[in-house]
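Architecture at a glance
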Amino acid sequence: MAEPFYITTAISYPNGRPHIGHAYEVIATDAIARFRRMEGRDVFFLTGTDEHGLKMDQAARARGISPRELADEMSSYFREMTGVLNISNDRFIRTSEPAHYEASQALWRAMAANGDIYPGRYEGWYSVRDEAFYDEKELVAGEDGQKLSPQGTPVEWTVEESWFFRLSAYADRLLAHYEANPDFIRPEGRRNEVVSFVKGGLSDLSISRTSFDWGVPVPDAPGHVMYVWVDALTNYLTGVGYPEDTEAYRKYWPADLHIIGKDIVRFHAVYWPAFLMSANLPLPSQVFGHGFLLNRGEKMSKSLGNVVDPMEMARTYGVDQLRYFLLREVSFGQDGSYSHDAIVTRSNADLANGLGNLAQRCLSMIAKNCGGVVPGEGAPAPVLDAAALLARVEEAMAGLAIHRALEVIWEGVAEANRYFADSAPWAVRKTDPAAADAILHATAEAIRVLAILVRWAIPESADKLLDQLAQPADARDFAALAAPIAPGTALPAPQGVFPRWVEQEG
Ligand code: ME8
């Protein structure tokens, strides 16, 4: 039986439309999910929207609609984005679903049964933008002296009756868990931040709100809704059927990998494992905090007017061009920057000129000189060592160095291009047609290997290449690397897969 692999994105706040940061996260997660599927893993991939909380409530009020109406409208754009970007999620979860209320209340009850929830009164700082409580000592001073959260967002003094979670009791167990599982928080820098935060001592966490009602009701506590992060984190359990003992739950829980942005590592690496420990549930294997995407090196913000609609970008540059750019250009885990020029340069160089040109030249020669049938005899001469390339790609992906995995594959693209140019089959054909045939066969095989190796990153284009090589649907995973393309295979008419971006004049 295939080994299960459960991977998630953060669930986005649908208080507005998706931005490129959301697209980046779901594309990176999709790439990893597809990669594991191509290895033969039984993958479950969850994404969705995080619909409760004060931020949603306030955004809805500002528009004069209910938070549910706002969530319905905006969540639909996030769902649409998964379609446009060719995301292979198995489920799109919305935290306003009844099943999610049930899961959140079940988790709450389990934590309460363990004696970890008690009533009190919260007095402290809250950032609506971050939906987060902060200690006084964490705050920083803004330009005109006002207090800001460490993320640079406004905070307000909040006094409220609330239930508390005994987070302070978990500091030692959390530290022991980080120690025993060095890969629990990745990359290393984020891990160090979390460890020092926990070593600094943990305060108990306010986990219910009474000043508004847009949230999951706290069991047996009229007037209280759960603090949005309590229900938000629970989505990872709801997604596989908790609290029912479903087949999916048994198969996929605990999650293998939570992919999230660096701003929400604390919630996933401190609060979440503490909640699960309290409820006596197994902990996820890894939390990976990726970096932020900046527009030409600047933070995206509505006031700077540099927020771009990722669906629009996908239409402009092409879905795989956008996917490839983000995955290749940004070192996964670090911040990255995007700009029109950078996207065009990357996709022209690596896709149009690199892989695309190789395929176009080889396949049109097969069409023209070989009647559209793969020429050659027996096994093709190995241009690339597919097993060795895969091993290097696997190694990069084991550490989630997505950019590095693509870099390795493009070393293969360069090698295949070199082979084709140096072998010059168009010249060889004049004197030795059989030798020219062997070169085309070997090159077609190299293209097949490269298309399979890169299919998790740019699935639609890789599949187009594999269609042109007449490869059946069940011969497109890593296991198929070992079975080379057979001479005599009839190919469809070749078509360019990677259009070259040409700047419009004026
Ligand atoms: O944080 N670049 O939702 P969210 C890269 N609902 N990633 C970015 C980014 C950027 N510029 N801006 C945001 C939330 N992100 C919560 C999550 S999970 C149980 C609840 C990332 O809509 C961000 O780090 O603010 C997060 O991982 C995701 O997008 C959703 O952000």
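Per chain, the residues get numbers from 1 upward, laid out in the order the sequence is written. Local features are withheld for residues below a pLDDT of 70 in this predicted model, meaning they are given only at 70 or higher, and side-chain atom pairs are given and counted only at 80 or more; totals for whole chains, interfaces and linings count all residues. Hydrogens and water molecules were not included; the side-chain quantities draw on all heavy atoms of the structure.

The protein is annotated in an unreviewed UniProt entry as Methionine--tRNA ligase from Edaphosphingomonas haloaromaticamans. UniProt positions are given in the numbering used here, feature names are shortened, and annotations may be inferred rather than shown by experiment. The Subunit (unreviewed entry) field of the UniProt record for the protein holds the comment "Monomer." In its Function (unreviewed entry) section, the UniProt entry covering the protein states "Is required not only for elongation of protein synthesis but also for the initiation of all mRNA translation through initiator tRNA(fMet) aminoacylation."

Considerations on the pattern of salt bridges
One speaks of a salt bridge when a side-chain nitrogen belonging to Lys or Arg is within 4 Å of a carboxyl oxygen belonging to Asp or Glu. Here the structure, examined in full by the defined rule, presents 35 salt bridges. Among the salt bridges present, the one from R250 reaches D245, with a minimum N-O distance of 3.8 Å. Here R250 falls in the exposed class, since its relative accessible area comes to 55%. In this structure, the salt-bridge partner of R392 is E411, at a minimum N-O distance of 2.9 Å. Separated by 19 residues along the polypeptide, R392 in helix α13 (residues 386–398) and E411 in helix α14 (residues 402–423) bring together distant segments of the chain. Exposed residues in this analysis have more than 50% of their type's maximum accessible area, buried residues have under 20%, and partly exposed residues fall in between, with area computed by a 1.4 Å probe over protein chains only. Here R392 falls in the partly exposed class, since its relative accessible area comes to 33%. Several salt bridges converge on common partners, so that one network encompasses R328, R392, R404, E407 and E411. By definition, any uninterrupted DSSP run of H or I lasting at least four residues is a helix, any uninterrupted run of E lasting at least two residues is a strand, and each is numbered from the N terminus.

Remarks on unusual backbone geometry
Omega for the peptide link from R186 to P187 comes to -15°, which places this bond in the cis form. Turning to its location among the elements, P187 is positioned in the loop between β9 (185–186) and α6 (188–199). With an omega of 5°, the peptide bond between W253 and P254 qualifies as cis. Take P254: it is sitting in the loop between α8 (247–252) and β13 (257–261). The phi torsion at N86 lies on the positive side, around 60°, for a residue other than glycine. Residue placement: N86 occurs in the loop between α3 (67–84) and β3 (91–94). Unlike most non-glycine residues, N280 shows phi in positive territory, near 60°. Secondary-structure assignment places N280 in the loop between α9 (265–278) and β14 (287–290).

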